Amino acid sequence: MKKRYIWDAPKERQIQYLNYLFSRRSTTIDKSRYRVIKNIFQSASGIKLDDLDTTARKRLIMKLFYFKFKNSCSNAKYVRAGKKKGYENVKFLLGEWSGIIRNLKKYRPDLVELGIEICRKYIESGFAGEYAPVVHRIGGKGTNYEWNNITIIAKKEHDELTKKERQGQAS
């Protein structure tokens, strides 16, 4: 018997699954659930955000943004800050890891709204990596990851800004 996946199911079943999943407040997104959601939106069924109930749609976008924000912060904290070439003197000062989303809401609620809008575009693009929301340091090279020094932008924009910064540094 062939195993069936939700992303192989008919569109109506996918909508029902996502509406159920995100009708609950406690739903979180981890790597596995992220892959399932991504596969659903990239499946041949043609599912769109507007197919979901309003509540489920809002929660899906918000929870997906929190997941992407945490991944971007993880990269900043564990890969870049103080470790990667060019980041030797950069510190990650966004607080305790366990409270990163709580701190985001507390110190930068404006970034939540911005991130949700960017994440909506990311989902609508079919999860195209260039539209993924990422953390960007406003001050550029050598500045720390601090609440007053970060913003959320699409990966494509981040890559362009980083490239311009590197070119300016080489001059």
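So, how was this worked out
Residues numbered from 1 in each chain as written. Predicted model: local features only at pLDDT ≥ 70, side-chain atom pairs only at ≥ 80, totals over all residues. Heavy atoms only, no water. Helix = DSSP H or I, 4+ residues; strand = E, 2+ residues; numbered from the N terminus. Buried < 20%, exposed > 50% of the residue type's maximum accessible area, 1.4 Å probe, protein only. Contact = heavy atoms within 4.5 Å. Polar contact = N/O pair within 3.5 Å; in protein donor to acceptor, adjacent residues only side chain to side chain. Salt bridge = Lys/Arg side-chain N within 4 Å of Asp/Glu carboxyl O. Disulfide = S-S within 2.5 Å. Phe/Tyr/Trp six-rings, centres within 6.5 Å; stacked < 30°, edge-to-face > 60°.

### Thoughts on the overall build of the protein
So, point 1. A tally of helices and strands in the protein yields six helices and two strands.
So, point 2. If you list the helices and strands of the protein from N to C, you get α-α-α-α-α-β-β-α.
So, point 3. Expressed along its principal axes, the backbone C-alpha trace of the protein runs to roughly 55 × 35 × 30 Å.
So, point 4. Taking all 171 residues of the protein together, the buried fraction comes to 42%.
So, point 5. In the protein, once contacts between residues fewer than 6 apart in sequence are set aside, the share between residues at least 24 apart is 60%.

### A closer look at the side chain of Arg-108
So, point 1. Here Arg-108 shows up in the loop between α4 (100-107) and α5 (109-124).
So, point 2. A distance of 2.9 Å separates polar atoms of two side chains, one belonging to Arg-108 and the other to Asp-110.
So, point 3. Residues contacting Arg-108, with those up to four places away along its chain left out, are Asn-103, Trp-147, Asn-148 and Ile-150.

### A word on unusual backbone geometry
So, point 1. At Phe-127, a residue that is not glycine, the phi angle is positive and equals roughly 70°.
So, point 2. By relative accessible area, Phe-127 is classed as buried at 4%.

### Some details on the pattern of salt bridges
So, point 1. Summed over all chains, the structure comprises four salt bridges.
So, point 2. As a salt-bridge pair, Asp-110 and Arg-108 come within 2.9 Å of each other at their nearest N and O atoms.
So, point 3. For Asp-110, a relative accessible area of 43% gives the class partly exposed.
So, point 4. With a shortest N-O distance of 2.9 Å, Lys-155 and Asp-159 are connected by a salt bridge. Of this pair, Lys-155 and Asp-159 both sit in helix α6 (residues 155-170), four residues apart, roughly one helical turn.
So, point 5. Residue class for Lys-155 comes out partly exposed when judged on its relative accessible area of 34%.
So, point 6. Here Asp-159 falls in the partly exposed class, since its relative accessible area comes to 39%.

### Remarks on the state of the cysteines
So, point 1. In total, this model carries zero disulfides according to the counting rule given.
So, point 2. For Cys-119, which is in no disulfide, the shortest distance to another cysteine sulfur is to Cys-73 and amounts to 14 Å.

### Focus: the side chain of Thr-27
So, point 1. With respect to the helices, strands and loops of the structure, Thr-27 is situated in the loop between α1 (11-21) and α2 (31-42).
So, point 2. Given the relative accessible area of 1%, Thr-27 is considered buried.
So, point 3. Beyond its immediate sequence surroundings of up to four residues, Thr-27 is in contact with Leu-21, Phe-22, Arg-33 and Lys-63.

### Here we look at the packing of aromatic side chains
So, point 1. Applying the stated criterion across every chain yields a total of eleven aromatic pairs.
So, point 2. Judged by centre distance (5.9 Å) and plane angle (45°), the rings of Phe-65 and Phe-69 are tilted. Separated by four residues within a single helix, Phe-65 and Phe-69 lie in helix α3 (residues 54-80), roughly one turn from each other.
So, point 3. Residue Phe-65 is classed as buried on the basis of its relative accessible area, which comes to 0%.
So, point 4. Pairing Tyr-78 with Trp-97 gives two aromatic rings, centres 5.9 Å apart and planes at 70°, and the pair type is edge-to-face. Highlighted residues: Tyr-78 in helix α3 and Trp-97 in the loop between α3 and α4, separated in sequence by 19 residues.
So, point 5. Here Tyr-78 falls in the partly exposed class, since its relative accessible area comes to 45%.

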